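So you can see what is in the structure, the chains are spelled out below.
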Amino acid sequence: NAGVMQNPRHLVRRRGQEARLRCSPMKGHSHVYWYRQLPEEGLKFMVYLQKENIIDESGMPKERFSAEFPKEGPSILRIQQVVRGDSAAYFCASSGGQPVGQPQHFGDGTRLSIL
Amino acid sequence: AQSVTQLGSHVSVSEGALVLLRCNYSSSVPPYLFWYVQYPNQGLQLLLKYTTGATLVKGINGFEAEFKKSETSFHLTKPSAHMSDAAEYFCAVTPDRGSTLGRLYFGRGTQLTVWP
C-alpha cells in the first residue's frame, strides 16, 4: 500500500490521558500536514511539517498539542491531558515537491473519542 | 487568510440528474483550487484541481469544475448523477500564489444524496 497510512484508526482515551496519532506519508513525500475535522465542519489546518522541521503551526492550539516529523519514522501528533473537546477525526496528508499547488493525499484518519 | 464558502450543506438529486455543487473563495488573487470527496469513515480523495491553464478542469468519476476568476468561483458539476456519487464533497484552496506554505483552506462541505 503506497498511500498515506494513519494509525490507529480509532482511539479511545479518558480525560487527562495522552493521545498519540501516527502518520506515515506516501513514499517519496517529504511534506506532512495535520488537519482536524469536527462534526458538521470541514477540515481545519493544524500544522505543516517537513523532516525534522515544523514549518507552519499556526493552526495548533497553544497548549497540550505538539507535532513532530523525525528523520526516521512516522509523523506524530501528540495531545496531552485530553479533554472532551478534543474528540474529532484527525487527518494526515502528504505531498511531494514544492508545497503550494501540489495536491495533498490524505490518510483515512484517526477518530479520537474522549470518555 | 483565505475563506471558502460552499453554498448548501446538503444537496439532493435524482439518479441521472445534473449535479451542481457551489464553491466561492475570498481572495482577489486566484489561489490553487481543489475538490475532494469523502466517503463515510474514509479520508479525502482528490477529484480534481485547478492550477493554471484551461479554466474547465476534468476530474475523476465524470466530474468537472470551472474556474471563474470574475466570480471567484469554482463550482463542481456532473451531467448525470449515479448512486455511487453519494458522499460529502469539499472545496479547498491554497494561500495566495506568493505563499510558500502549502496548507489548505476547506469549505464546510456539501453532503450529496442521490435518490433512485
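Note that the structure is predicted; figures quoted are calculated from it, not measured.

A.B. asks: Please explain the interface of chain A and chain B as it appears in this structure.
C.D. replies: By a widely used convention, the size of an interface equals the accessible area lost when the partners come together. Contacts between the two partners involve 24 residues from chain A and, on the opposite side, 22 residues from chain B. For the pair chain A and chain B, the summed buried surface comes to about 1,900 Å²; carbon and sulfur atoms form 58% of the total. At the junction of chain A with chain B, the criterion picks out zero salt bridges. Inspection of the chain A/chain B interface yields six residue pairs in polar contact (both at pLDDT 80 or more). Of all the secondary-structure elements, those providing two or more residues to the side of chain A that touches chain B are strand 4 (31–37), strand 5 (43–50) and strand 6 (53–56) of chain A. Looking at the side of chain A that touches chain B, its residues break down into eleven nonpolar, seven polar and six charged.

A.B. asks: Looking at this structure, I do not really get the pattern of salt bridges. What am I missing?
C.D. replies: For side chains of opposite charge, pairing can occur when their charged atoms come near one another. Residues and elements named next belong to chain A. Counted by the stated rule, this structure contains six salt bridges over all chains. Across the salt bridge formed by E18 and R78, the nearest N and O atoms sit 2.9 Å from each other. One end of the pair, E18, is in the loop between strand 2 (10–13) and strand 3 (19–24); the other, R78, is in strand 8 (residues 75–79), and 60 residues separate them in sequence. When its relative accessible area of 29% is taken as the criterion, E18 is described as partly exposed. Connected through salt bridges with shared partners, the residues E18, R20 and R78 form a single ionic network.

A.B. asks: Would you mind going over the confidence of the model for chain B with me for this structure?
C.D. replies: Low-confidence regions, as indicated by low pLDDT, have predicted coordinates that should not be scrutinised in detail. Mean pLDDT over chain B: 90, with 95% of residues reaching 70 or higher. Per-element mean pLDDT across chain B ranges from 92 in strand 11 (residues 105–106) of chain B up to 98 in strand 3 (residues 19–21) of chain B.

A.B. asks: Mind showing me how you'd approach the nonpolar core here?
C.D. replies: The nonpolar side chains of soluble globular proteins are, as a tendency, buried together. Residues and elements named next belong to chain B. Counting residues in hydrophobic clusters, the biggest one holds 27 residues, and the most contacted among them are W35, L47, L48, F74, L76 and Y89. Sorting the residues of this core by element identifies strand 2 (10–14), strand 3, strand 5 (33–38), strand 6 (44–50), strand 8 (64–68), strand 9 (73–78), strand 10 (87–93) and strand 12 (110–115) as the ones contributing at least two each. Ranked by residue count, the leading element in this core is strand 10, at four residues.

A.B. asks: Could you clarify how one ought to interpret unusual backbone geometry in this entry?
C.D. replies: Negative phi characterises most residues that are not glycine, and trans characterises most peptide bonds. With an omega of -5°, the peptide bond between N7(A) and P8(A) qualifies as cis. Mapped onto the fold, P8(A) is located in the loop between strand 1 (5–7) and strand 2. Phi is positive for Q81(A), which is not a glycine, with a value near 45°. The topology assignment puts Q81(A) in the loop between strand 8 and strand 9 (88–95). A positive phi angle is found at N41(B), which is not glycine, with a value near 60°. Tracing the backbone through its elements, the reader meets N41(B) in the loop between strand 5 and strand 6. Under the relative-accessibility criterion, N41(B) is labelled exposed at 52%.

A.B. asks: Honestly, the packing of aromatic side chains in this entry has me stumped. Any pointers?
C.D. replies: Applying the stated criterion across every chain yields a total of twelve aromatic pairs over all chains. With a centroid separation of 4.6 Å and an interplanar angle of 10°, the aromatic rings of Y33(A) and Y48(A) are classed as stacked. With Y33(A) in strand 4 and Y48(A) in strand 5, this pair connects stretches of sequence that are 15 residues apart. A residue is classified by how much of its surface remains accessible, and Y48(A), at 1% relative accessible area, is buried. Measuring from ring centre to ring centre gives 5.5 Å for F63(B) and Y89(B), while their planes differ by 45°; the resulting arrangement is tilted. In this pair, F63(B) is assigned in the loop between strand 7 (56–58) and strand 8 and Y89(B) in strand 10, connecting sequence segments 26 residues apart. Residue classification places F63(B) among the buried positions, given a relative accessible area of 2%. Residue Y89(B) is classed as buried on the basis of its relative accessible area, which comes to 1%. Connected via pairs of aromatic rings, a cluster forms that spans Y35(A), F45(A), F106(A), F34(B), Y36(B), F90(B) and F106(B).

Here is what the cut-offs are and how they apply
Residues numbered from 1 in each chain as written. Chains lettered and ligands numbered in written order. Predicted model: local features only at pLDDT ≥ 70, side-chain atom pairs only at ≥ 80, totals over all residues. Heavy atoms only, no water. Contact = heavy atoms within 4.5 Å. Buried area = accessible area lost by both parts, 1.4 Å probe. Salt bridge = Lys/Arg side-chain N within 4 Å of Asp/Glu carboxyl O. Polar contact = N/O pair within 3.5 Å; in protein donor to acceptor, adjacent residues only side chain to side chain. Helix = DSSP H or I, 4+ residues; strand = E, 2+ residues; numbered from the N terminus. Nonpolar A, V, L, I, M, F, W, Y, C, P; charged D, E, K, R; others polar. Buried < 20%, exposed > 50% of the residue type's maximum accessible area, 1.4 Å probe, protein only. pLDDT = per-residue confidence, 0-100. Core = buried A, V, L, I, M, F, W, Y, C linked by side-chain atoms within 4.5 Å. Phe/Tyr/Trp six-rings, centres within 6.5 Å; stacked < 30°, edge-to-face > 60°.

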